Protein chains: 2
Amino acid sequence: MKRYAQTILLRPEKRAYYLELHANPWPAVIDKIYECNIRNYSIFLLNDRQLFAYFEYVGSDFEADMQKMAADAETQRWWAETDPCQESPDPEGKSWWVNLEEVFHA
Amino acid sequence: MKRYAQTILLRPEKRAYYLELHANPWPAVIDKIYECNIRNYSIFLLNDRQLFAYFEYVGSDFEADMQKMAADAETQRWWAETDPCQESPDPEGKSWWVNLEEVFHA
């Protein structure tokens, strides 16, 4: 199992819609997350501006599983709703969610 | 079980020492974390500047357990090393690590 943490910015004017979506996530999206070997996935919000995600990956090919998720039509529809709520913190715009480095585990 | 996420800033000039400490944490500190009902505790670093912690609390009185941890002499010695590596992101200086709000879990 590998732990992941990622961050992205929330557009303040989209806060209410983003929270509404995530309070009632679409079942097919949740199923696909599980099918793609992600467990214990949480998203947290800091100061209405920064999102922080934590999850555990239990598969053996993360890139392949992420490609499978990205190819799912219902997930694409979900992202069409959530992506406009977010903006990347990456100044070079190369990534969307930005990965953090694990420095401690107990 | 309740999930927590917290953030604090890392002083860039203390990065190397902070990482060294957390790569070889003191066993008594790890034991105290467990004794205080914290599980699956990870710390992640973003851009050498922002720390994010994730953990799961399995006890029934978080405040009491945090007081127990704060009263532990070895934990106090650990914090005497780690606190100077950090600075609070709270502009009002009321908290040290700042809690995030959970907005999604799957």
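Reading the values: rules and limits
- Per chain, residue numbering runs from 1 following the sequence as it is written.
- Just so you know, chain letters begin at A and ligand numbers begin at 1, following the order they were written in.
- A pLDDT threshold of at least 70 governs which residues receive local features in this predicted model, and a stricter bar of 80 or more applies before side-chain atom pairs are shown or counted, although totals over entire chains, interfaces and linings include all residues.
- No hydrogens and no water enter the side-chain calculation; it runs on all heavy atoms of the structure.
- Each helix is a run of DSSP H or I of at least 4 residues and each strand a run of E of at least 2, with the numbering of both proceeding from the N terminus.
- Residue burial is assigned from relative accessible area. The probe radius is 1.4 Å, only protein chains are included, and a residue is buried under 20% of its type maximum, exposed over 50%, and partly exposed in between.
- It only takes one pair of heavy atoms within 4.5 Å for two residues to be counted as in contact.
- Working definition of accessibility: Shrake-Rupley area with a 1.4 Å probe, residue cover restricted to the visible protein chains.
- We treat Lys and Arg as the positive residues and Asp and Glu as the negative residues; His and chain ends play no part in the count.
- Where a charge sits is defined by one atom per residue type, namely NZ (Lys), CZ (Arg), CG (Asp) or CD (Glu).
- Known as pLDDT, the predictor's confidence for each residue is given on a scale from 0 to 100.
- By convention, the term buried area covers the 1.4 Å-probe accessible surface removed from two parts as they join, with the contributions of both added.
- The working definition used for a salt bridge is a side-chain nitrogen of Lys or Arg within 4 Å of a carboxyl oxygen of Asp or Glu.
- What makes two strands pair is DSSP finding at least two bridges between them.
- Fitting of the copies onto one another was done by least squares over C-alpha atoms, counting residues only where both copies have pLDDT of at least 70.
- Within 6.5 Å between ring centres, the rings of Phe, Tyr and Trp (the latter by its six-membered ring) count as paired, and their orientation is classed by plane angle as stacked under 30 degrees, edge-to-face over 60, tilted in between.

J.: Quick question: what am I supposed to make of the overall build of chain A here?
T.: For chain A, the helix and strand inventory stands at four helices and six strands. Each helix (α) and strand (β) of chain A, taken in turn from the N terminus, gives the series β-α-α-β-β-α-α-β-β-β. In chain A, which comprises 106 residues, the proportion classed as buried is 44%. Taking the contacts inside chain A whose residues are at least 6 apart along the sequence as the reference set, 70% of them involve residues at least 24 apart. Here chain A displays about 5500 Å² of accessible surface, and carbon together with sulfur accounts for 49% of that area. Here chain A carries 11 positive and 18 negative side-chain charges, and the mean point of each set is 1 Å from the other.

J.: I'm lost on the confidence of the model for chain A in this one. Help?
T.: For any part of a model where pLDDT is low, the fine detail of the predicted coordinates should not be relied upon. The predicted model of chain A has a mean per-residue pLDDT of 96, with 100% of residues at 70 or higher. Quick note on the complex model: pTM equals 0.95, ipTM equals 0.94.

J.: Teacher, can you tell me more about the interface of chain B and chain A here?
T.: Put simply, an interface is often sized by how much accessible area is lost when its parts join up. Listed as interface residues are 34 residues of chain B and, on the opposing side, 32 residues of chain A. Interface of chain B and chain A: buried area, both sides summed, is about 2800 Å²; carbon and sulfur atoms make up 67% of it. Considering only the surface of chain B that becomes buried against chain A, F44(B), V103(B) and F104(B) emerge as the three largest contributors, covering 27% of it. In this structure, the connection of chain B to chain A is made through zero salt bridges. Among the elements of the structure, strand 1 (2-10), helix 1 (15-23), helix 2 (27-35), strand 2 (38-46), strand 3 (50-57), strand 5 (98-99) and strand 6 (101-105) of chain B are those that each provide at least two residues to the side of chain B that touches chain A. It is strand 2 of chain B that contributes the most residues to the side of chain B that touches chain A, seven residues altogether. Taken together, the four bridges between strand 6 (residues 101-105) of chain A and strand 2 of chain B define a ladder with antiparallel strand orientation. Each bridged residue has a counterpart across the sheet, and for F104(A) the counterpart in strand 2 of chain B is I43(B).

J.: Just to check I follow, could you spell out the relation of the copies chain B and chain A for this structure?
T.: For these two chain copies, the linking operation is a rotation about an axis paired with a shift along it. After a rotation of 180 degrees and a shift along the axis of 0.0 Å, chain B superposes on chain A with an RMSD of 0.0 Å. The superposition of one copy onto the other is thereby described by a two-fold rotation axis. Nearest to the rotation axis, the C-alpha of Y54(B) is located 3.8 Å from it, this being the minimum over chain B.

J.: Looking at this structure, how should I read the pattern of salt bridges?
T.: Any two side chains of opposite charge can pair if their charged atoms end up close together. Applying the stated criterion across every chain yields a total of 20 salt bridges over all chains. The salt bridge involving D48(A) is made with R15(A); its shortest N-O contact spans 2.6 Å. Of the two residues, D48(A) sits in the loop between strand 2 (38-46) and strand 3 (50-57) while R15(A) sits in helix 1 (residues 15-23), which places them 33 residues apart along the sequence. Judged by relative accessible area, which is 34%, D48(A) ranks as partly exposed. A relative accessible area of 28% means that R15(A) is categorised as partly exposed. For D72(B), the salt bridge is made with K32(B), and the minimal N-O distance between the two is 3.9 Å. In this pair, D72(B) sits in the loop between helix 3 (62-70) and helix 4 (73-82) while K32(B) sits in helix 2, placing the two residues 40 residues apart along the sequence. One network of salt bridges, in which partners are shared, links K32(A), E35(A), D65(A), K68(A) and D72(A).

J.: Could you clarify how one ought to interpret unusual backbone geometry in this entry?
T.: Where the residue is not glycine, phi is negative for most of them; where a peptide bond is considered, it is trans in most cases. Residues and elements named next belong to chain A. Residue N47 is not a glycine yet carries a positive backbone phi of 55 degrees. If you trace the backbone, N47 turns up in the loop between strand 2 and strand 3. Classification of N47 as exposed rests on a relative accessible area of 63%.

J.: What am I meant to see in the packing of aromatic side chains here?
T.: Between two aromatic rings, the relevant description is the distance of the centres plus the angle of the planes. In this structure the tally under the stated criterion is 19 aromatic pairs over all chains. Ring centres of F104(A) and Y41(B) lie 5.5 Å apart, and the angle between their planes is 75 degrees; this geometry places the pair in the edge-to-face category. Taken together, the residues F104(A) in strand 6 and Y41(B) in strand 2 connect one chain to another. Residue F104(A) is classed as buried on the basis of its relative accessible area of 5%.

J.: When you look at the environment of P84(A) in this model, what are you seeing that I'm missing?
T.: Residues and elements named next belong to chain A. On the secondary structure map, P84 appears in the loop between helix 4 (73-82) and strand 4 (86-87). Classification of P84 as partly exposed rests on a relative accessible area of 37%. Those residues in contact with P84 that lie beyond four places of it in its chain are R11, K14 and W79.

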